[in-house]
Each structure stands twice: as C-alpha cells, then as structure tokens.
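Residue-level listing of the chains:
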Amino acid sequence: MLLITGTSGGLGSLIARRLADHPDGADRPDVRFGTRAPDGPGQVRVDFDDPDCLDFTGVDTLLLISAGYGEDDQVIARHGAAVSAAERDGVRHVVYTSLTGAGDHLPYALAHRWTERRLRGSGLAWTVLRNGLYAELLAALAAPGPDGAITAPLGAGRLAAVAREDLAEVAVRVALAPDAHAGQVYELVGDRPLGGTDLAAAVGARYAPGSLARARSALSGTDAAPFQPPMLVATYSAVAAGFLDTPDTGTLHHLLGHPPRPALEVYARTASPSGPADPGPARGYLPAVAGEV
C-alpha cells in the first residue's frame, strides 16, 4: 500500500489527483490519501499534530509531504512523529519532499535537513526529493500591481523556479517504484532561472524592484503569524543575492521522462495583479515556501 500525507495541500492534492486517475488494471496501486479531515473514498486521517492518530499499519511506501507551515519546533515534532510511526508500523520505504540544497541558508531549511538526517538514521529505506521553489509561488511573490509594475525586491537576482505539477509527477513516479530510488537525494529545480525582467516581459509589466525593508513593512500589522514575515523576506533576499539561480542539470528531465514544463509560462498563467504594498497573495502562499500543510 502507498500512503500519501498532506493530500489537502497544494502539492499533495496534485499527487492525489494523479494517483486517483491512474487507469484500472492489474498494476493499479493500492493508495490511501492522508488528510486531517478525511471525507472521501480512500482518505484516512493523518494529523501530525495528533501523533496518537498516526497508524501506518499495512503501508509499504509512505510519501511524506513536508508539513513546514509552522515554527521549527512544531515542524520537527510533526516529521519526527511521522517517521517514528513509520518505524513502529513496519513501513518499508519513505519518500520525503524536502527543500533544494540551494536553500540551505533559508530559515525554513532547518526542519527539512533535520528530517533528512532523521530518515538516514532510521532503519527505513528512504528517498529525498529536494524540491525547488514553485513557479506558482513566484507568481505570488512577484505579481504585477494594478499600476503594471512588479515591485518585488528581487534585485538583479534569478530563481530556478519549477512547476509544481512537475514535482507532483516526479513524486508519483518515485513513490510507485521506490526501490529504484532508494538512498537517492534528487535536486529538483527549474531549467531556466528567471529574473524580474523576464517576469515583467511575460505579463506585459515593467520591473521596478522595491527594497526588502518595504517588503517587511508591508507585512507588519497584518494577521501573518510571527514566523511568516521572516520566511518571505528571506526568500526575496535569497533570490536577490543569487543563491537560488542554479538551474537543473538534467535530473528533473530524467525523472519526468520529458522536458520540464516552462516555469515562465506557469508564472504568466498564474500571476495576478496585487497592490504594490499588499502582502496578501505572497502571505497566503507561504505554505508553498516552507512546505505543504
């Protein structure tokens, strides 16, 4: 049996949809979809904040989608509970959605690296999918304002963003044949780093980058959780400093079996106008920065 956690989140729902649409036949996988509030066929309750509910009995492969929306201690407790339950209940292989190695300096990297280390120290077979930042996230972080300007503080930096659909497809391929990927750490980033001028040209906007201070100020006085503004500002800072601009060297293409979806097209399709000082869209997309909920 294959169990996917976090199937109510953005990445998890894409994965669940792909598996639910798998054609009938002898090779159709036995899949369960983990969510906090199950309400449909094949869904089971998986709530990392309630470790007593975690029951992975009969699960051969656990696709553990990171639950990074929270403070580090909370996220580490969630992931630790999941791995401990997998050990206890005889899970054979864990596939974990982590964060690209280029993001090691980001504040939300710590819980990912802790989880990778926890898996390495377990008796489980494991595979780590180090996902890059989503092109859909970039559409929220750097949306054009109503005045036609992109003011996100990206400077002259670029981001090797990746389509979330590609990451979902890779996760499904690996989870359905985990033995072929045991002990592997895959860096999954986009093949073309994108900067502010690229984004502006794609949506007919102009690029007029603001400052990190302005971005931080825009989040003050909102209902953002205390851990959210540092995550967002650090992401802007990392892009501007050029820490996230290393493109895919073929890993994503190889695992997909076809060329990656163009991140710039994903950006252009999903970017929506917002006020230049309105943190709403970016703040609402913070689960995609830190991990899925």
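Higher on the page you've got the structure.
Note that this is a predicted model, so its numbers are computed, not measured.

(A) Inspection of the overall build of the protein chain at higher detail. The helix and strand tally for the protein chain stands at twelve helices and eleven strands. Over its C-alpha trace the protein chain gives a radius of gyration of 19 Å, about what one expects of a compact globule, namely 19 Å for 293 residues. Considering only C-alpha atoms, the protein chain reaches an extent of 55 × 40 × 35 Å along its principal axes. Scored against the burial criterion, the 293 residues of the protein chain give a buried share of 54%. In the protein chain, the proportion of contacts linking residues at least 24 apart, taken out of those at least 6 apart, comes to 80%. Summed over its atoms, the accessible surface of the protein chain is roughly 11800 Å², and 51% of this surface lies on carbon and sulfur atoms.

(B) Structural context of the nonpolar core. In this structure, I4, I15, L63 and L199 are the most contacted members of the largest nonpolar core, which totals 62 residues. When residues of this core are assigned to their parent elements, the largest contribution, seven residues, is made by helix α5 (residues 164–176). Within the second largest apolar cluster, 22 residues are counted, among which are C53, V83, W126 and V128.

(C) Molecular detail of the pattern of salt bridges. Scanning the model with the defined rule gives 20 salt bridges in all. A salt bridge links D179 to R92; the nearest nitrogen and oxygen atoms lie 2.7 Å apart. Of this pair, D179 sits in the loop between α5 and β9 (185–188) while R92 sits in the loop between α2 (72–89) and β5 (93–99), and the two are 87 residues apart along the sequence. Note that R130 is salt-bridged to E116, the shortest N-O span being 2.7 Å.

(D) Here's a closer look at the side chain of T97. Looking at the element boundaries, T97 is found in strand β5. A distance of 3.0 Å separates a polar side-chain atom of T97 from the backbone nitrogen of S66.

(E) Summary view of the packing of aromatic side chains. Here the structure, examined in full by the defined rule, presents one aromatic pair. Between the aromatic rings of Y69 and F227, the centroid separation amounts to 5.6 Å while the plane-to-plane angle is 80°, which identifies the pairing as edge-to-face. Of the two residues, Y69 sits in the loop between β4 (61–65) and α2 while F227 sits in the loop between α7 (212–219) and α8 (228–240), which places them 158 residues apart along the sequence. F227 sits in the buried class, given a relative accessible area of 13%.

(F) Focus on the sheet that holds strand β1 (residues 2–4). Taken in spatial order, the seven strands line up as β3-β2-β1-β4-β5-β6-β9 in an open sheet, and their pairing is parallel. Every interior strand has two partners, whereas the edge strands, β3 (43–45) and β9, have only one. Each neighbouring strand pair of the sheet contributes to a mean axis angle of 20°, computed without reference to strand direction. Contacts between helix α3 (residues 109–120) and the sheet are confined to β5, β6 (125–131) and β9, with β5 contributing the most and set at about 160° to the helix.

(G) Expanded view of the packing of α2 against α3. In the contact formed by α2 and α3, the axes pass within 9 Å of each other and the chain directions differ by 20°. Classified by the angle between their axes, α2 and α3 sit roughly parallel to one another. When you trace α2 past α3, the crossing you get is right-handed. Together, D72, V75, I76, H79, G80, V83, S84 and E87 of α2 and L110, A111, W114, T115, R118 and L119 of α3 make up the contact between the two elements. Tallied by class, the residues present in the contact of α2 with α3 amount to seven nonpolar, four polar and three charged.

About the criteria used
Residues numbered from 1 in each chain as written. Predicted model: local features only at pLDDT ≥ 70, side-chain atom pairs only at ≥ 80, totals over all residues. Heavy atoms only, no water. Helix = DSSP H or I, 4+ residues; strand = E, 2+ residues; numbered from the N terminus. Rg over C-alpha atoms; globule rule 2.2 N^0.38 Å. Buried < 20%, exposed > 50% of the residue type's maximum accessible area, 1.4 Å probe, protein only. Contact = heavy atoms within 4.5 Å. Areas by Shrake-Rupley, 256 points an atom, 1.4 Å probe, with all protein chains shown as cover. Core = buried A, V, L, I, M, F, W, Y, C linked by side-chain atoms within 4.5 Å. Salt bridge = Lys/Arg side-chain N within 4 Å of Asp/Glu carboxyl O. Polar contact = N/O pair within 3.5 Å; in protein donor to acceptor, adjacent residues only side chain to side chain. Phe/Tyr/Trp six-rings, centres within 6.5 Å; stacked < 30°, edge-to-face > 60°. Pairing = 2+ DSSP bridges. Axes fitted to C-alpha atoms, helices over the stretch in contact; angles between N-to-C directions. Parallel < 35°, antiparallel > 145°, perpendicular 65-115°, else oblique. Left-handed = near helix turned anticlockwise from the far one by under 90°. Nonpolar A, V, L, I, M, F, W, Y, C, P; charged D, E, K, R; others polar.

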